[in-house]
Amino acid sequence: MKKSESVFLKVLAEHEKYVVPCYRKQPVVFSRGKGSWLWDVRGKKYLDFFSGWAVSSLGHAPRPVARALSKQSMKLLHLPNNYYHEGQGTLARLLIENSFPGKVFFCNSGAEAVEAAIKAARAYGNPDRYEILTLEKSFHGRTSGALAATGQSKYQAGFDPILSGFRHVPLNDYPALEGAVSERTVAVLMELVQGEGGVRVADPEYVRKVRELCDRKNLLLIFDEVQTGAGRTGKMFAFEHYGVKPDGMVLAKALGGGFPIGAFVAADKIADILKPGMHASTFGGNPLACVSAAAVLTEIKRKKLAQRAAKVGAGLLRDLKRLARKHSCVQEARGLGLLLALELKVPADPIFAYCLKKGLLVNATQNTVLRMAPPLTVTASEIRFAMRVIDEALGVFGKETAQHEREGVVCRVK
Ligand SMILES: *Cc1c(COP(=O)(O)O)cnc(C)c1O
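Residues numbered from 1 in each chain as written. Predicted model: local features only at pLDDT ≥ 70, side-chain atom pairs only at ≥ 80, totals over all residues. Heavy atoms only, no water.

Participant: What is the right way to read the overall build of the protein chain from this model?
Facilitator: Looking only at helices and strands, the protein chain has 13 helices and 17 strands in total. For 414 residues, the compact-globule estimate of 2.2 N^0.38 gives 22 Å, and the protein chain sits close to it at 22 Å. The principal-axis extent of the C-alpha atoms belonging to the protein chain is close to 60 × 55 × 45 Å. Contacts in the protein chain between residues at least 24 apart in sequence constitute 71% of all its contacts with a sequence separation of at least 6. Computed over 59 positive and 39 negative side-chain charges, the inter-centroid distance for the protein chain is 7 Å. (Helix = DSSP H or I, 4+ residues; strand = E, 2+ residues; numbered from the N terminus. Rg over C-alpha atoms; globule rule 2.2 N^0.38 Å. Contact = heavy atoms within 4.5 Å. Lys, Arg positive; Asp, Glu negative; His and termini not counted. Charge placed at Lys NZ, Arg CZ, Asp CG, Glu CD.)

Here's what the structure looks like:
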């Protein structure tokens, strides 16, 4: 047997036997990446049009991050948070200079950053107010608090009792949100583009009204920018599209360029609400994480990658709209910057599987949504390759389903 085959089989066997099976996995073993591309152990290459849940925004193994990590790793890997190191303050300053006046709490993931935001909101409302309004189809993470905040019952099923104090209202329905506010409500937590929920974009008018309502009722407005932050939507942070500023913002995913880091950015109003002893994370603000994220933010600014995402994303959305006109199984193309999706009238899984076979990584979410989030550095020829494969996938899939049209499944080339 070839060595690559035995590596492949060994990896799958070890997972089968020793790794908790909580992920739906594809039988592909990757060994390296560069730019927008990944290579599996068999030597096949794939265009990563999803960046690992929108994490690898600078591409795979981005040099500025790798260099910063390598340099830092020879000096200091860990320092407890009861001492200082240089990287945390630098990164916090970069985040604040690029968002709004406030202070930053560091942790290691999106869910943890959401937990920090929940605790800050509860500390702010204590003792009278604790309830947090979030949106239906939202996604805020898998830890108990973040899970309760998430407005999708499929993630909560089987884990009762779910933490109380959350209410979910539909996106872009202002009267529903206003009507849900009670004397116990302390905050609104929302994504500006619901990523996991199928790339659903919040209306500017809606967001402005929510901001006004929060001001009027003294509620905290917290944006979950775990997926939209760090240049993804064509601005450094998605809230910049809306002309409103939040009282808090949650970051993770692309922030570390592939190194785990989460951050809760608290605006001045609540920047000092979490006092010594009230919250902590052993690894939060780790020296490696901080230099990685600082390298990411610096690179985004230096190469104007947010502006690039806006421009390239607009072009890609036009391409996707063309595909939507061509294939009747496509309901709609939508998105913001380089966070994009095709909403299908048919299940997205077979299209995802076809793309994978052809060397293109995309994502299927909400059953019928094909989600894309290529690196912000994606090139025109890479986009052409992706469009060709997706076009093909929709075509092949259309032909296959044409036979079933009488049974009510519709997907054919117009
Ligand atoms: C992925 C995601 C999270 C959770 O992040 P983890 O790092 O997986 O805990 C939270 N909010 C949003 C909007 C996300 O996309």
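Participant: For this particular structure, what's the right way to read the packing of aromatic side chains?
Facilitator: Geometry of an aromatic ring pair is reported as the spacing of the ring centres plus the angle between the planes. Considering all chains together, one arrives at six aromatic pairs under this definition. An angle of 5° between the planes, with centres 6.2 Å apart, marks the rings of Phe237 and Phe239 as stacked. A relative accessible area of 3% means that Phe239 is categorised as buried. One aromatic cluster is present, formed by Phe100, Phe237 and Phe239 through successive ring pairs. Note that Arg42 overlies the ring of Phe8, its terminal NZ or CZ placed 3.8 Å from the centroid. Its guanidinium or amino end placed over the ring of Trp37, Lys45 lies 4.3 Å from that ring's centre, counting from NZ or CZ. (Phe/Tyr/Trp six-rings, centres within 6.5 Å; stacked < 30°, edge-to-face > 60°. Buried < 20%, exposed > 50% of the residue type's maximum accessible area, 1.4 Å probe, protein only. Lys NZ or Arg CZ within 6 Å of the ring centre and 35° of its normal.)

Participant: I keep staring at the pairing of strand β5 (residues 131-135) and nothing clicks. Help me out?
Facilitator: In regular strands, side chains alternate between the two faces of the sheet. Of all five residues in β5, five are buried, a share of seventy percent or more. Burial of β5 is two-sided: the residues Glu131, Leu133 and Leu135 facing one way and the residues Ile132 and Thr134 facing the other way are all buried. Here three bridges tie β5 to strand β7 (residues 185-190), and the two strands are oriented parallel to one another. The residue bridging Glu131 from the neighbouring strand is Thr185, located in β7. In terms of strand pairing, β5 meets strand β6 (residues 166-169) through four bridges, oriented parallel. Looking at the pairing, Ile132 lines up with Phe166 of β6. (Pairing = 2+ DSSP bridges.)

Participant: How do you make sense of the side chain of Ser36 when you look at a structure like this?
Facilitator: Within the secondary structure, Ser36 is located in the loop between β1 (30-34) and β2 (37-40). Looking at Ser36, the relative accessible area reads 3%, which means it is buried. A distance of 2.8 Å separates the side chain of Ser36 from the side chain of Glu382, its partner in a polar contact. Not counting residues up to four positions away in its chain, the partners in contact with Ser36 are Tyr46, Leu47, Asp48, His60, Pro375, Val378 and Glu382. (Polar contact = N/O pair within 3.5 Å; in protein donor to acceptor, adjacent residues only side chain to side chain.)

Participant: Any chance you could explain the environment of Glu196 here in plain terms?
Facilitator: The residue Glu196 is located in the loop between β8 (193-194) and β9 (200-201) in this model. Remark: the alpha-carbon pair of Glu196 and Asn363, spanning 167 residues in sequence, is separated by 9.9 Å. Excluding its chain neighbours within four sequence positions, the residues that come into contact with Glu196 are Trp53, Phe139, Tyr155, Gln227, Thr365, Gln366 and Arg371.

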